[in-house]
Amino acid sequence: MPIAIQIAPGKNVHLSKIDPSASPDFDKEEGQARLVKLGRRLAELQELLFAAGDHSLLIVLQGRDTAGKDGTIKKILEAVNVQSTRVASFKVPTAEELAHDFLWRVHRQTPGLGEIVIFNRSHYEDVLVVRVHNLVPEKVWRPRYEAIRNFEELLVQSGTILVKFMLHISPDEQEERLLAREEDPLKSWKLSVGDWKERAHWDAYTEAYEEALSECSTESAPWHVIPANKKWARDLAVFEILIAALEPYEAEWRTNLEARGKEAKAELVSWRESQK
Ligand code: ADP
């Protein structure tokens, strides 16, 4: 049974109904073995995506602090060819970014044909943190849902395969992870008072996430909520969804590549003939 929840377009999301500790009905060891196989499959599909060059893959990763965005990115990068993969991280906007529309900094980071780009946070911050902290009034952030839907539709029409993940953890799990950072000398650098302060806004973030997911899960760019308390289950779910998103194009990519291969061979043969 897949544990991830794909949000149907127009459906109201209730995060409290999705168990962040959900995991498949096998153990972690089995999960890790499966992940290795899925990683190979993902790499194979990426090679086709790259060679065919008529699609790109954009992975949008959102989640609260400690939800596992960095860990998920690391796992994906371990599996794919990093020569055609890039990560774009979106932090507090600079003065220059703030002087433009909210999609300006995002659009320039989208993948070119053949590429994979992973968004570590994204344009969704502009309806999440911005809303929770009243950084702009509602009359500014509310129309952004429509702007986001249109922007994403444009990307899809231009050949982007767009997959959006919300890593879903529980408050208890977040507390444990924040406390664990204090204990681990190699993780303490990640400590930030801001993370504890953000935690105080848990319910406001829940509301902001629920509305963003409900408003912006579309047929062509659906949102997936990933139960993320268990890291191994999270990784498996993410890989399964990525593979399922790419597989429908596999036959088309192979046909395209075979045709190009034949053309290249025919050219080579005729060149050899001309040398005789
Ligand atoms: P990480 O993503 O690892 O948590 P940081 O600790 O640097 O990295 O956090 C980035 C911060 O930037 C987050 O608190 C996030 O909410 C904030 N941020 C990202 N985009 C925006 C935005 N458009 N407006 C305001 N804050 C933003």
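Quick look at the structure, then. Bear in mind that the values here come from a model prediction, so they are computed numbers and not experimental data. Within each chain, residues carry numbers counting from 1 in the order of the written sequence. Totals for whole chains, interfaces and linings use every residue, but because this is a predicted model, local features are given only for residues with pLDDT of at least 70 and side-chain atom pairs only at 80 or more, for both listing and counting. Water and hydrogen atoms were dropped before computing side-chain values, which therefore reflect all heavy atoms in the structure.

1. Overview of the overall build of the protein
Along the backbone of the protein there are 12 helices and six strands. Relative to a compact globule of 276 residues, whose C-alpha radius of gyration would be 19 Å, the protein shows 21 Å and is just as compact. In terms of its C-alpha atoms, the protein occupies a principal-axis envelope of roughly 80 × 45 × 40 Å. When burial is assessed residue by residue, the protein has 47% of its 276 residues classed as buried. Strands here are runs of E lasting at least two residues and helices are runs of H or I lasting at least four, both read from the DSSP assignment and numbered beginning at the N terminus. For the radius of gyration, the atoms used are the C-alpha atoms, and the globule rule reads 2.2 Å times the number of residues raised to 0.38. Any residue under 20% of the maximum accessible area for its type is buried, any over 50% is exposed, and the rest in between are partly exposed; the area is computed with a 1.4 Å probe on protein chains only.

2. Observations regarding the pairing of strand S2 (residues 56–63)
In terms of burial, S2 is a largely internal element, eight of the eight residues being buried. Residues Ser-56, Leu-58, Val-60 and Gln-62 point to one face of S2 and Leu-57, Ile-59, Leu-61 and Gly-63 to the other, with burial holding for every one of them. Two strands make a pair as long as DSSP finds a minimum of two bridges between them. Where S2 lies against strand S5 (residues 160–168), eight bridges are found, and the strand directions are parallel. Directly across from Leu-61, in S5, lies its bridge partner Phe-165. Alignment of S2 against strand S4 (residues 116–120), held across five bridges, turns out to be parallel. Counted as the bridge partner of Ile-59 is Ile-118 from S4.

3. Comments concerning the pattern of salt bridges
Here, a salt bridge means any side-chain nitrogen of Lys or Arg that lies within 4 Å of a carboxyl oxygen of Asp or Glu. For the structure shown, the criterion picks out 24 salt bridges. Arg-254 is the salt-bridge partner of Glu-44, the closest N and O atoms lying 3.9 Å from each other. Of the two residues, Glu-44 is situated in helix H1 (residues 28–52) and Arg-254 in helix H12 (residues 250–275); the sequence distance between them amounts to 210 residues. When its relative accessible area of 34% is taken as the criterion, Arg-254 is described as partly exposed. When the shortest N-O distance is used, the salt bridge between Arg-142 and Glu-138 registers 2.6 Å. Owing to a relative accessible area of 40%, Glu-138 belongs among the partly exposed residues under this scheme. Residues joined by salt bridges that share partners form a network here, namely Arg-41, Glu-44, Glu-247, Glu-250 and Arg-254.

4. Remarks on the pairing of S5
Counting buried positions along S5 yields nine of nine residues, so the element is predominantly enclosed. Burial along S5 is two-sided: Thr-160, Leu-162, Lys-164, Met-166 and His-168 facing one way and Ile-161, Val-163, Phe-165 and Leu-167 facing the other are all buried. Sheet topology note: the S5/strand S6 (residues 223–227) ladder contains five bridges and is parallel. Residue Lys-164 lies in a different strand from S6, and its bridge partner there is Trp-223.

5. Quick word on the nonpolar core
Only buried residues count toward a nonpolar core. Its members are Ala, Val, Leu, Ile, Met, Phe, Trp, Tyr and Cys residues joined through side-chain atoms within 4.5 Å. With 40 residues, the main nonpolar core has Leu-57, Ile-59, Ile-76, Phe-165, Ile-226, Phe-239 and Leu-242 as its most contacted residues. Counting only elements with at least two residues in this core, the list comes to H1, S2, helix H2 (69–79), S4, S5 and helix H11 (231–246). Working rule for contacts: check all heavy atoms of both residues, and any pair within 4.5 Å makes them a contact. Setting aside residues no more than four positions away along its own chain, Phe-239 makes contact with Leu-35, Leu-38, Gly-39, Leu-42, Lys-75, Ile-76 and Ala-79. Counting residues in each nonpolar core, the second largest holds 33 residues, with Val-117, Phe-151, Leu-155 and Met-166 among its members.

6. So, the environment of Asp-203
You can see Asp-203 is positioned in helix H10 (residues 202–216). With 71 residues separating them along the chain, Asp-203 and Val-132 place their C-alpha atoms 9.6 Å apart.

7. Topic: helix H7 (residues 144–157)
Expected span, for any helix, means 1.5 Å times one less than how many residues it has. Along its 14 residues, H7 runs 20 Å from first to last C-alpha, staying within 8% of the 20 Å computed at 1.5 Å per residue. Residues of H7 that are buried include every one of Arg-144, Tyr-145, Ile-148, Phe-151, Glu-152 and Leu-155, and no others. Seen end-on, H7 carries its buried residues on one side only, within an arc spanning 125 degrees. Close packing links the buried residues of H7 with S2, helix H4 (104–107), helix H5 (129–132), helix H6 (138–141), S5 and H10. Phi turns positive one or two residues past the end of H7, at Gly-159, with a value near 100 degrees. It is the directions from the helix axis to the C-beta atoms whose arc is reported.

8. Overview of the sheet that holds S2
The sheet built from six strands is open, its strands ordered S1-S6-S5-S2-S4-S3 with mixed pairing. Strand pairing shows two members of the sheet lacking a second neighbour, strand S1 (5–6) and strand S3 (85–89), which therefore form its edges.

9. Thoughts on the packing of H7 against H10
When two helices pack together, their arrangement is given by the angle between their axes and by how far apart the axes lie. Axis lines are fitted to C-alpha atoms, over the contacting stretch for helices. Their N-to-C directions set the angle, which ranges from 0 to 180 degrees. Interaxial distance between H7 and H10 falls to 9 Å at its minimum, and their mutual angle equals 45 degrees. Of the possible angle classes, the one that applies to H7 and H10 is oblique. Regarding H7 and H10, the two cross each other, and that crossing is right-handed. Touching Tyr-145, Ile-148, Arg-149 and Glu-152 of H7 are Glu-211, Ala-212, Glu-215 and Cys-216, all from H10. Amino acids are sorted into nonpolar (Ala, Val, Leu, Ile, Met, Phe, Trp, Tyr, Cys and Pro), charged (Asp, Glu, Lys and Arg) and polar (every other residue, Gly among them). Tallied by class, residues from the contact of H7 with H10 come to four nonpolar, no polar and four charged. Here is the rule for angles: anything less than 35 degrees is roughly parallel, anything more than 145 is roughly antiparallel, 65 through 115 is roughly perpendicular, and the remaining ranges are oblique. Each crossing gets its hand from how the near helix is turned against the far one by less than a right angle, where anticlockwise is left-handed and clockwise is right-handed.

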